[in-house]
Amino acid sequence: MRRVVCPGSFDPITNGHLDIIGRSARLYDEVTVAVLINVEKSSLFTVDERIEILQTVTKEFDNVKVRKFHGLLVDFCKQNDIPAIVKGIRVVSDFDYELQMAQLNYRLSGVETLFMPTNPEYSFLSSSRVKEIARYGGDVSGLVPDLVHKLLIERLRS
Ligand code: PNS
């Protein structure tokens, strides 16, 4: 069984994330989407809400499961017998940051990191930008799954 993890905050998931998850699901037997529990960072959606959203928008993929984790990602990988991490790379600055993390993670545990170029259609996309645009009434349809679009409008209007 070839397993891989797609980790992140996913606050909220964007179409860029979904593209990486879907492409990973075609390459691996099992993809675990791991949501970081980060008590130091304020979020728009709770971890459990994000998990529910992720489960809904990835339900077309039979081999994708969604979990939460805290602490080190490599410890989560070891506990779940996952030998590799997939990270999407949008721009060169992502690579600078991700390379250091990948090397540290490998040094800590032997867990590999595989970089997947983001679909150019989404290379400008991030959860923070999506929230900012939605907060000020901009249109984020096409940038996030329809469910997220609807939930963003509800959450930011309340
Ligand atoms: O979507 P994000 O916020 O860019 O995801 C970042 C994430 C969750 C992948 C990263 O912060 C992470 O792996 N955090 C867990 C703590 C950890 O393992 N740090 C790496 C030390 S080298």
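Keep in mind it's a predicted model, so treat the numbers as computed, not measured.

Our focus in this paragraph is the overall build of the protein. Regarding its fold elements, the protein presents six helices and five strands. A compact globule built from 158 residues would reach a C-alpha radius of gyration of about 15 Å, and the protein, at 15 Å, matches this within 12%. Summarising its shape, the C-alpha atoms of the protein cover approximately 45 × 35 × 30 Å along the three principal directions. Burial statistics for the protein: of 158 residues in total, 45% are counted as buried. As presented, the protein carries roughly 9200 Å² of accessible surface, and 51% of it is formed by carbon and sulfur atoms. Side chains of the protein give 20 positive and 21 negative charges; the mean places of these two sets differ by 2 Å.

Direction of pairing for strand E1 (residues 3-8) relative to strand E2 (residues 30-36): parallel, over a ladder of six bridges. Across the sheet, the residue bridging to Gly8 is Val35, located in E2. For the segment spanning E1, helix H1 (residues 15-27) and E2, crossover handedness is right-handed.

Per the UniProt record, "domain: Cytidyltransferase-like" (unreviewed entry) is found at residues 5-132. Within the segment residues 5-132, helix and strand shares are 43% and 23% respectively, and the terminal C-alpha atoms sit 28 Å apart.

Our next topic: the site of the ligand. Around the ligand lies a shell formed by Pro7, Gly8, Ser9, Leu36, Phe69, Gly71, Leu72, Leu73, Lys87, Met101, Leu104 and Asn105. A distance of 2.6 Å separates an oxygen atom of the ligand from a polar atom in the side chain of Ser9. Contacts to the ligand include Leu73, whose backbone N or O atom sits 2.8 Å from an oxygen atom. Out of a free accessible area of 560 Å², the ligand has 72% covered by protein chains. When each cavity is represented as a set of grid points, the ligand is found to reside in the largest pocket. Of all elements in the fold, only E1 and helix H4 (92-109) reach the threshold of two or more residues within the shell around the ligand. With three residues, H4 is the single largest residue contributor to the shell around the ligand. Taken together, the residues of the shell around the ligand sort by class into seven nonpolar, four polar and one charged.

It is worth spelling out the layout of surface pockets at this point. The volume enclosed by the largest pocket comes to roughly 1300 Å³. Along the wall of the largest pocket there are 43 residues; nearest its centre are Pro7, Gly8, Ser9, His17 and Glu98. Looking at the lining of the largest pocket, the elements with two or more residues in it are E1, H1, helix H2 (47-57), strand E4 (84-89), H4 and helix H5 (127-135).

In this section: the pattern of salt bridges. All chains considered together, the criterion is met by 13 salt bridges. For Glu30, the salt bridge identified is with Arg3, shortest N-O distance 3.1 Å. Residue Glu30 is located in strand E2, and its partner Arg3 is located in strand E1; the two are separated by 27 residues in the primary sequence. On the basis of relative accessibility, which here comes to 15%, the residue Glu30 falls in the buried class. One network of salt bridges, with partners in common, ties together Arg3, Glu30, Lys65 and Asp81.

Reading guide: rules and limits
Residues numbered from 1 in each chain as written. Predicted model: local features only at pLDDT ≥ 70, side-chain atom pairs only at ≥ 80, totals over all residues. Heavy atoms only, no water. Helix = DSSP H or I, 4+ residues; strand = E, 2+ residues; numbered from the N terminus. Rg over C-alpha atoms; globule rule 2.2 N^0.38 Å. Buried < 20%, exposed > 50% of the residue type's maximum accessible area, 1.4 Å probe, protein only. Areas by Shrake-Rupley, 256 points an atom, 1.4 Å probe, with all protein chains shown as cover. Lys, Arg positive; Asp, Glu negative; His and termini not counted. Charge placed at Lys NZ, Arg CZ, Asp CG, Glu CD. Pairing = 2+ DSSP bridges. Right-handed = clockwise from strand over helix to strand, strands pointing away. UniProt positions renumbered as here; feature names shortened; annotations may be inferred. Near = heavy atom within 4 Å. Polar contact = N/O pair within 3.5 Å; in protein donor to acceptor, adjacent residues only side chain to side chain. 1 Å grid on protein atoms, 1.4 Å probe; cavity = no way out; pocket = protein on both sides within 12 Å on 5 of 7 lines; lining within 4 Å. Sits in = over half its atoms within 2 Å of the grid points. Nonpolar A, V, L, I, M, F, W, Y, C, P; charged D, E, K, R; others polar. Points joined across faces, edges and corners; volume = space filled by probe spheres on them. Salt bridge = Lys/Arg side-chain N within 4 Å of Asp/Glu carboxyl O.

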